[in-house]
Amino acid sequence: MGTVIVITSGKGGTGKTSFCGGLGVALTELGKTVLCIDADIGLRNLDIALGMTDSVLMDFSDVMEGHCLLSRAVATHPGIPNLSLLTAPLSLSREEGVLSDFASLIEEARTQYDYVLIDSPAGLGLGFRLAACAADEAIVVSMNDLSAQRDAQRVLSQLPPTIPVIRLVLNRVKPRLFRRLGQTVDDVMDALGLPLLGLIPEDPAVLLSSNAGRPLLKGSDKGAARACRNIAKRITGVPVPLMKIGRRGMIV
Ligand SMILES: Nc1ncnc2c1ncn2[C@@H]1O[C@H](COP(=O)(O)OP(=O)(O)OP(=O)(O)O)[C@@H](O)[C@H]1O
Ligand SMILES: [Mg+2]
């Protein structure tokens, strides 16, 4: 049975979608089969982060409404056979019963993939509740700013109590900014009361690769790509030391 992980944050723009795509690819590099599910109804963009905009035809509402089987609705990555995507609809035709229907879809998916990664939308609305309803683990993606950390606290209070493992990924880390703020990674962990799964440095490659329609990890083992690989290893139980701050204040 596969592991279902929801990637969430509360605040918008913390890097959930970029991280979900990077983590998905990194897990396939470790020999895992991965289904990424975009739960951002109306504002989906995980297909862009994965370089799969031309591949998606069906979405998860097609499965929930019985229009097609899960196996037909998922799109396989053109260059990464172990990576699939189930995208979000632009809208839902109903709200009643969708949580239990989505949970059934997830239960089916976990029988077919080693990892099911669900990219939650910002906020605490229906998309967030769908994304979290059947998860075994949660990853909260936060950043330096206090508003991101406050929203993360709010998310923690709204996650289903049935999720036993909740970990923190600190994204867009700029060591110099930490110094100027007089903040440490430990301070953020203490504020949220979460164990750290990994740090992802600020890295222009995230935007550049996404805009070029190419997965972040394709051909790169630096910066954010390396951070995603390290996190994938930790998720699969391989201990990897945290990235270090190098001589010029960069994370290496
Ligand atoms: N580590 C990083 N370094 C630099 N830019 C990043 C990093 N992570 C994400 N970004 C950029 O931040 C922006 C928001 O990223 P992304 O869409 O992944 O966030 P999100 O949390 O999914 O947003 P939303 O809440 O709207 O769904 C994008 O322009 C992305 O390229
Ligand atoms: Mg997103």
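Refer to the structure presented above.
Rules and cut-offs
Every chain is numbered on its own, with residues counted from 1 as its sequence reads. A letter from A marks each chain and a number from 1 marks each ligand, given out in the order of writing. Per-residue local features of the predicted model are confined to residues with pLDDT of at least 70, and side-chain atom pairs are confined, for both listing and counting, to 80 or more; whole-chain, interface and lining totals are unaffected and use all residues. The basis for the side-chain values is all heavy atoms of the structure; hydrogens and waters are excluded. Whether a residue is near a molecule or strand is decided by its heavy atoms; if any one of them lies within 4 Å of it, the residue is near. Whenever a nitrogen or oxygen atom comes within 3.5 Å of another N or O atom, the pair is scored as a polar contact, on the condition that within protein one atom can donate a hydrogen and the other can accept it, and that pairs from neighbouring residues in sequence are kept only if both atoms are in side chains. Each accessible area value is a Shrake-Rupley result obtained with a 1.4 Å probe; residue values ignore everything except the protein chains displayed when judging cover. The numbering of helices and of strands both runs from the N terminus, where a helix is a DSSP run of H or I of at least 4 residues and a strand a run of E of at least 2. Each residue is assigned to one of three groups, with Ala, Val, Leu, Ile, Met, Phe, Trp, Tyr, Cys and Pro labelled nonpolar, Asp, Glu, Lys and Arg labelled charged, and all others, Gly among them, labelled polar. Only protein chains enter the accessibility calculation, which uses a 1.4 Å probe. A residue is then buried if its area is under 20% of the maximum for its type, exposed if over 50%, and partly exposed in between. Crossover handedness is defined by viewing with both strands directed away from the observer: a clockwise path from the first strand over the helix to the second marks the crossover as right-handed. Note on contacts: a residue pair qualifies if any of its non-hydrogen atoms lie within 4.5 Å across the two residues. Multiplying 1.5 Å by the helix residue count minus one yields the expected span of that helix. The criterion for strand pairing is that DSSP finds at least two bridges linking the strands in question. We define a salt bridge as a side-chain nitrogen of Lys or Arg found within 4 Å of a carboxyl oxygen belonging to Asp or Glu.

Caption draft 1: Region of interest: the site of ligand 1. Every one of the 17 residues lining ligand 1 counts as a neighbour, but Lys16, Thr17, Ser18, Asn171 and Asp203 are closest to it. At 2.9 Å from an oxygen atom of ligand 1 is found a main-chain nitrogen or oxygen belonging to Gly15. The side chain of Thr17 places a nitrogen or oxygen atom 2.7 Å from an oxygen atom of ligand 1. In the complex, 79% of the free accessible area of ligand 1, which totals 640 Å², lies under the protein chains. Counting residues per element, the shell around ligand 1 draws most heavily on helix H1 (residues 16-29), at three residues. Of the residues belonging to the shell around ligand 1, the class tally is five nonpolar, seven polar and five charged.

Caption draft 2: Expanded view of the pairing of strand S6 (residues 137-142). In terms of burial, S6 is a largely internal element, six of the six residues being buried. Side chains of S6 alternate between two faces, with Glu137, Ile139 and Val141 and Ala138, Val140 and Ser142 buried alike. For the segment spanning S6, helix H7 (residues 146-158) and strand S7 (residues 165-173), crossover handedness is right-handed.

Caption draft 3: Spotlight on the environment of Leu85. Mapped onto the fold, Leu85 is located in strand S4 (residues 83-86). Spatially, the C-alpha atoms of Leu85 and Ala152 are 26 Å apart, while their sequence positions differ by 67 residues. Apart from the residues within four sequence positions on either side, Leu85 is in contact with Leu35, Cys36, Leu46, Asp47, Leu50, Met52, Val56, Ala73, Val74 and Ala75.

Caption draft 4: Just helix H11 (residues 223-235), in detail. Compared with the 18 Å implied by 1.5 Å per residue over 13 residues, the 19 Å span of H11 between its first and last C-alpha is a close match. Taken as a whole, H11 has its buried residues at Ala224, Ala225, Ala227, Cys228, Arg229, Asn230, Ile231, Ala232, Arg234 and Ile235. Just beyond H11, the residue with positive phi is Gly237, at close to 95°.

Caption draft 5: Representation of unusual backbone geometry. Even without being glycine, Arg172 reaches a positive phi, approximately 60°. By secondary structure assignment, the location of Arg172 is in strand S7. Given a relative accessible area of 40%, Arg172 falls into the partly exposed group.

Caption draft 6: Local environment of the pairing of strand S2 (residues 34-38). In terms of residue burial, S2 counts as a mostly covered element, since five of its five residues are buried. Alternating positions in S2 separate into two faces, Val34, Cys36 and Asp38 on one and Leu35 and Ile37 on the other, with burial throughout. Here S2 pairs with S4 via four bridges, running parallel. If you follow Cys36 over to S4, its bridge partner there is Leu85. With five bridges connecting them, S2 and strand S5 (residues 115-119) associate as parallel partners. Along S5, the bridge assignment pairs Val34 with Tyr115.

Caption draft 7: View of the pattern of salt bridges. For the coordinates displayed, the defined rule picks out eight salt bridges. In this structure, Arg94 and Asp101 form a salt bridge, with 2.5 Å as the shortest nitrogen-oxygen distance. Of the residues examined, Arg94 reaches a relative accessible area of 25% and is grouped as partly exposed. Asp101 gets classed as partly exposed once you look at its relative accessible area, which sits at 26%. Among the ionic pairs, Arg229 bridges to Asp221, the shortest N-O distance being 3.1 Å. Its relative accessible area of 16% is what places Arg229 among the buried residues.

Any functional reading would require information beyond the geometric quantities listed.
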